Amino acid sequence: MMDPTTLDDHAFAVWAAERAGTVLLDVRAGAEANGLEGKALKDAGDAAAQAELDRILTQHRPGDSVLSEEAADDKSRLTARRVWIIDPLDGTREFSEPPRDDWAVHVALWEDGDLVAGAVAQPALGETFSTGRPSVLPARTSTRPRIAVSRSRPPAFVEALAAELDAELVPMGSAGVKVMSVVRDVADAYVHAGGQYQWDNAAPVVVARAAGLYCSRVDGSPIVYNEDDTSLPDLIVCRPELAEAIVDFVRRHGTV
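Residues numbered from 1 in each chain as written. Predicted model: local features only at pLDDT ≥ 70, side-chain atom pairs only at ≥ 80, totals over all residues. Heavy atoms only, no water.

### Remarks on the pairing of strand β10 (residues 235–238)
Two faces make up the sheet, and in a regular strand the side chains alternate between them. The alternating pattern of β10 places L235 and V237 on one face and I236 and C238 on the opposite face, and all of these are buried. Here four bridges tie strand β8 (residues 189–192) to β10, and the two strands are oriented antiparallel to one another. Bridged to H192 within β10 is L235. The pairing of strand β9 (residues 214–216) with β10 spans three bridges and is antiparallel. Among the inter-strand pairings, C215 is bridged to a residue of β10, identified as V237. (Buried < 20%, exposed > 50% of the residue type's maximum accessible area, 1.4 Å probe, protein only. Helix = DSSP H or I, 4+ residues; strand = E, 2+ residues; numbered from the N terminus. Pairing = 2+ DSSP bridges.)

### A short note on the domain arrangement of the protein chain
By a widely used convention, the size of an interface equals the accessible area lost when the partners come together. Once the domains are mapped, the protein chain shows domain 1 (4–130) and domain 2 (146–253). Between domain 1 and domain 2, the C-alpha centre-to-centre distance is 21 Å. Opposite the 35 residues of domain 1 that make contact, domain 2 presents 26 residues. Together domain 1 and domain 2 conceal approximately 2400 Å² of surface at their shared face, both sides included; 60% is due to carbon and sulfur atoms. Considering only the side of domain 1, the residues that lose the most area to domain 2 are I85, L115 and F129, jointly responsible for 21% of the buried surface there. Summed over the shared surface of domain 1 and domain 2, the result is two salt bridges. A salt bridge links D228 to K75, with the nearest nitrogen and oxygen atoms 2.5 Å apart. Seen at the junction of domain 1 and domain 2, the total is 13 residue pairs in polar contact (both at pLDDT 80 or more). At the level of elements, β1 (65–68), β2 (82–90), α3 (92–95), β3 (104–111), β4 (114–122) and β5 (127–130) are the ones that each hand at least two residues to the side of domain 1 that touches domain 2. A total of eight residues in the side of domain 1 that touches domain 2 trace back to one element, the largest contributor, which is β4. For the side of domain 1 that touches domain 2, the residue count by class is 17 nonpolar, six polar and 12 charged. (Domains from an automatic or database assignment. Contact = heavy atoms within 4.5 Å. Buried area = accessible area lost by both parts, 1.4 Å probe. Salt bridge = Lys/Arg side-chain N within 4 Å of Asp/Glu carboxyl O. Polar contact = N/O pair within 3.5 Å; in protein donor to acceptor, adjacent residues only side chain to side chain. Nonpolar A, V, L, I, M, F, W, Y, C, P; charged D, E, K, R; others polar.)

Written as C-alpha cells, this is what we have:
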C-alpha cells in the first residue's frame with residue numbers, strides 16, 4: 001500500500017487533490033438522496049473537501065503551514081518555509097449544477113519565496129494537471145485568439161481587449177478551469193481583474209508555469225504568494241506569444 005508521506009511534493013499534490021476530488025464526487029452523487037441542492041450542496045462540498053485536505057496535510061505533512069479558503073488564516077505561515085495554498089472546491093456554483101464539469105480542486109506548495117509544486121484536479125472531467133508531469137503546450141490550433149472569461153460576469157475591459165486582438169471570448173466556470181483551458185489549448189489566454197485570492201490561482205499558476213505559459217499580474221509584474229494580505233485580485237495567464245500585446249493593452253487602457 002502506498003505511503004503518501006514518501007511521495008515527492010509534486011506527486012503528493014496530485015494525490016491530495018485527487019483524494020479531495022473523490023470526496024466531492026461522492027457528495028455530488030449522494031446529493032439527491034441527501035436532499036442537497038443549491039447552497040446546501042455548495043456548502044457540503046466545501047466542508048467535505050476541506051476536511052479531507054486538512055486530514056491529509058495534518059497526517060502526511062505535519063510540519064508545513066496551510067493557507068486555505070475554507071479555514072482561518074494562521075499567520076504563522078508568514079514565517080514558515082513551506083506553505084500549502086489550497087482551494088478545496090474552486091467553482092462551487094458549477095459544482096452545484098450537475099452534470100457541469102468546470103469546477104476544480106487546487107493544491108499548491110509555496111517554499112522559500114515562490115511556488116514550487118502543485119496540482120489542479122478536475123474530478124468530473126477525470127483529469128489532473130500538475131507540475132510533476134507538466135503538460136506540453138501544443139501548437140495553437142485557433143486562427144483567432146481565444147480568451148477564457150466568466151460565464152456570468154465577463155469584465156468589460158476584457159471585451160475591449162478581445163476587440164483589439166480580434167479574439168473570441170470563451171465562457172466557462174472556475175478560475176482553475178479557466179487557467180487549465182489555456183494549458184489544454186481550449187483557450188489561449190485568461191485575463192482577470194475582478195478580484196481573487198491567493199488560493200484561487202496559486203495551483204493553476206504553478207501548473208501553467210510548468211507547461212511554459214506566461215503568468216503575471218495584469219501590469220506585467222510578478223505574482224507573489226504567501227503575502228499577509230490574501231487578496232490577489234488580477235492576473236494574466238496566456239500563451240507566451242500573446243503576453244506583450246495583452247500587457248500593453250492593460251497599460252494603455254487599464255481594467256475599468
